Amino acid sequence: MAVGGDLLVAVLITGGIGLFLLGAGLREAYLAVRLWRKRAVPIGELDDASGTVTVSGRAERIDETVRGPLTGRDCLGYAWRVVGLRTVRGFDGRVEQSFHQLGRGQEAVRFRLRDYSGSVVVDPVGATLRLNEEHVTDPVRDPVERGDVSLSGLSHDGPRQYYEARIDDGETIVVQGRVQPTADPRLDVEKIGVQLSGRGLYIADSDRSRAVRRSALAAVVSLLLGFGALAVLALIVGVGPL
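Residues numbered from 1 in each chain as written. Predicted model: local features only at pLDDT ≥ 70, side-chain atom pairs only at ≥ 80, totals over all residues. Heavy atoms only, no water.

Caption draft 1: Summary view of the overall build of the protein chain. A tally of helices and strands in the protein chain yields 2 helices and 13 strands. Residue pairs in contact within the protein chain that sit at least 24 positions apart in sequence constitute 72% of those at least 6 positions apart. Accessible area for the protein chain stands at about 13,800 Å²; split by element, carbon and sulfur atoms hold 57% of it. (Helix = DSSP H or I, 4+ residues; strand = E, 2+ residues; numbered from the N terminus. Contact = heavy atoms within 4.5 Å. Areas by Shrake-Rupley, 256 points an atom, 1.4 Å probe, with all protein chains shown as cover.)

Set out below in structure tokens:
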């Protein structure tokens, strides 16, 4: 009975990982294709545009900034993640250790995007951020609390690695999103009565071609790992009956 229970747990975990990786790979492939199909247009032409557009320019602060939780640096947006050695203590006394992502998060504020033809406001709430990560060796704080072993037997007290990515003021980025009308008075100086916002907004701190390659590579890796996990699942199921 115990062997059958362990096999069922292995099947569920492996199957879940495989499906998650396949989903992530398909999403990255969709982003890569969408970026490839939509060439960048001058910001000054957005007042006549509609639907999804791609623009590139220099990100500029409007008024507010956010502070990166690991470096403490002021920026227009950030994404962080913490990877650590996770210890699981089972009810039978067994101890297993493996490296896992312990936590992640992101935050961004409205900013101005400017190119040679004009500027427009970007509202990044809910945006997909594809930013170059920095390995932070001495974080100003740890966003994932260290605590005692939980009721599930999970401990986060092992060694950790910290990564942070930012949209810095003055950095060149590419943005793809929907053109939306806005009544924000701060747009009066832009002479463009629209902003880039809404579902599907994508922001990368690179030019368009590198952003396409980044998403395409991520899609390939995720899909290969996903199919690999499902292949392992097929082997597990073939080993014996549940």
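Once the structure has been displayed, the description carries forward.
Caption draft 2: Expanded view of the pattern of salt bridges. In the structure shown here, the tally under the stated rule is 10 salt bridges. The residue E60 makes a salt bridge to R114 at a minimum N-O spacing of 3.1 Å. With E60 in strand 1 (residues 52–61) and R114 in strand 6 (residues 111–115), this residue pair connects regions lying 54 residues apart in the sequence. Here E60 falls in the buried class, since its relative accessible area comes to 14%. Through salt bridges with shared partners, a single network forms among R73, E134, E164, R166 and D168. (Salt bridge = Lys/Arg side-chain N within 4 Å of Asp/Glu carboxyl O. Buried < 20%, exposed > 50% of the residue type's maximum accessible area, 1.4 Å probe, protein only.)

Caption draft 3: Geometry of the side chain of E60. A polar atom in the side chain of E60 sits 3.1 Å from the side chain of R114. When near neighbours in sequence (up to four residues on either side) are disregarded, E60 contacts L76, F111, R112, R114 and D169. (Polar contact = N/O pair within 3.5 Å; in protein donor to acceptor, adjacent residues only side chain to side chain.)

Caption draft 4: Expanded view of the side chain of R160. Inspection of the secondary structure puts R160 in strand 11 (residues 160–167). There is a polar contact of 2.7 Å between the side chain of R160 and the backbone oxygen of V144. When near neighbours in sequence (up to four residues on either side) are disregarded, R160 contacts V82, V83, G84, L102, D142, V144, E145 and R146.

Caption draft 5: Focus on the confidence of the model for the protein chain. For the protein chain, the average pLDDT comes to 77, and 76% of its residues sit at 70 or higher. Considering only residues more than four positions removed or in separate chains, one finds that residues 148–153, a stretch of pLDDT under 50, has 9 contacts. (pLDDT = per-residue confidence, 0-100.)

Caption draft 6: View of a nonpolar patch on the surface. A cluster of nonpolar side chains, L217, V221 and L225, forms an exposed patch at the surface whose accessible area comes to about 280 Å². As for its placement among the helices and strands, L225 is situated in helix 2 (residues 208–239). (Patch = residues over 30% accessible without salt bridge, like charges linked within 9 Å, V, L, I, M, F, W, Y side chains within 5 Å.)

Caption draft 7: Structural context of the nonpolar core. In terms of nonpolar packing, the biggest core is built from 21 residues, with L113, V122, I167, I173, V175, L196 and I203 touching the most fellow members. Breaking this core down by element, the ones donating at least two residues are strand 1, strand 6, strand 7 (118–122), strand 11, strand 12 (172–181) and strand 13 (194–204). Not counting residues within four places of it along the chain, the set of residues in contact with I173 comprises V55, S56, G57, A59, F111, L113, I167, I203, A204, D205 and S206. V66, C75, V82 and V136 belong to the second-largest nonpolar core, a separate cluster that totals 11 residues. (Core = buried A, V, L, I, M, F, W, Y, C linked by side-chain atoms within 4.5 Å.)

Caption draft 8: Structural context of the environment of E60. Taking the C-alpha atoms as reference points, E60 and D169, separated by 109 residues in sequence, lie 5.2 Å from one another. Within the structure, E60 has its side chain in polar contact with the side chain of R58 (distance 2.7 Å).

Caption draft 9: Quick peek at the environment of E107. Looking at the secondary structure, you find E107 in strand 5 (residues 95–108). Spatially, the C-alpha atoms of E107 and V125 are 7.8 Å apart, while their sequence positions differ by 18 residues. Among residues more than four places away in sequence, those in contact with E107 are V66, G77 and Y78.

Caption draft 10: Focus on the environment of L129. Inspection of the secondary structure assignment puts L129 in strand 8 (residues 128–130). Overall, the relative accessible area of 9% leaves L129 in the buried class. Put simply, L129 and A79 are 50 residues apart on the chain and 7.4 Å apart in space, counted from C-alpha to C-alpha. Aside from chain neighbours lying at most four places away, what touches L129 is Y78, Q106, I167 and I203.

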